[in-house]
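Reading the structure
Residues per chain are reported as follows:
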Amino acid sequence: EARIDLHGMSADRAYDVLCRFLFRAHGSGKRMVLVITGKGRQLRDMGPIPARSGVLRQSLPGWVVKAPLKEIVQDIVEANPRHGGSGAFYVYLRRAK
């Protein structure tokens, strides 16, 4: 019903943009949205301490189960490959009261 692309944003910026987007979508009665996070950069040199790849992809599931988003988010599921696969999520929203 709606989609947002968070590619290239810092985690803080992406969280703020995501919150505004989800609250706006929920307020307009949408029940499912597509959130594109990207898969993260492929790192060639993992070195002795591997760096996290795909910070937004890893952070999104945790963000939606905590306040304030947990009040409006019902579920989150990895997207179908044609919608981004592991670089995107379907976020299901609760019915607006």
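In this report, the structure presented in the accompanying data block is examined. (Residues numbered from 1 in each chain as written. Predicted model: local features only at pLDDT ≥ 70, side-chain atom pairs only at ≥ 80, totals over all residues. Heavy atoms only, no water.)

Time to look at helix H2 (residues 55-63). Among the residues of H2, those classed as buried are Leu-56, Ser-59, Leu-60 and Trp-63. For H2, the angular spread of the buried residues around the axis is 115°, confining them to a single face. In this fold, the buried residues of H2 make contact with helix H1 (11-27), strand S2 (32-36), strand S3 (73-78) and strand S4 (88-93). (Buried < 20%, exposed > 50% of the residue type's maximum accessible area, 1.4 Å probe, protein only. Helix = DSSP H or I, 4+ residues; strand = E, 2+ residues; numbered from the N terminus. Arc of directions from axis to C-beta. Contact = heavy atoms within 4.5 Å.)

Our next topic: the packing of H1 against H2. Helix packing for two helices is described by the angle between their axes and how far apart those axes are. Contact pair H1 / H2: the axes reach a minimum separation of 11 Å and the direction vectors enclose 45°. The angle between H1 and H2 falls in the class oblique. Remark: the crossing between H1 and H2 carries right-handed chirality. Two secondary-structure elements touch here, H1 through Ala-11, Ala-14, Tyr-15 and Leu-18 and H2 through Val-55, Leu-56, Leu-60 and Trp-63. In terms of residue class, the contact of H1 with H2 is made up of eight nonpolar, no polar and no charged. (Axes fitted to C-alpha atoms, helices over the stretch in contact; angles between N-to-C directions. Parallel < 35°, antiparallel > 145°, perpendicular 65-115°, else oblique. Left-handed = near helix turned anticlockwise from the far one by under 90°. Nonpolar A, V, L, I, M, F, W, Y, C, P; charged D, E, K, R; others polar.)

Over its 17 residues, H1 extends 24 Å from the first C-alpha to the last, a length consistent with the 24 Å expected when each residue adds 1.5 Å. When we look at burial in H1, the residues that qualify are Ala-14, Val-17, Leu-18, Cys-19, Phe-21, Leu-22, Ala-25 and His-26. Summarising the contacts, the buried residues of H1 are in contact with strand S1 (3-5), S2, H2, S3 and S4. The first or second residue beyond H1 is Gly-29, which carries a positive phi of 85°. (Expected span 1.5 Å × (residues − 1).)

Strand order in this open sheet of four strands is S1-S2-S4-S3, and the pairing throughout is mixed. Of all strands in the sheet, those bounded by a partner on one side alone are S1 and S3. Each strand of the sheet is rotated relative to its neighbour by a mean of 20°, with strand direction disregarded. As judged from the three bridges shared by S1 and S2, these two strands associate in the parallel manner. When the bridges of S2 are listed, Arg-3 appears paired with Leu-34. Relative to the sheet, H2 contacts S2, S3 and S4, its axis offset from that of S4 by approximately 15°. (Pairing = 2+ DSSP bridges.)

To continue, consider the pairing of S4. Along a regular strand, successive side chains alternate from one face of the sheet to the other. The buried fraction of S4 amounts to five of the six residues, a majority that puts the element mostly inside the structure. Sheet topology places S2 next to S4; five bridges connect them, and they run antiparallel. Pairing of Leu-34 across the sheet is with Tyr-90, part of S4. Taken together, the five bridges between S3 and S4 define a ladder with antiparallel strand orientation. Across the sheet, the residue bridging to Ile-76 is Val-91, located in S4.

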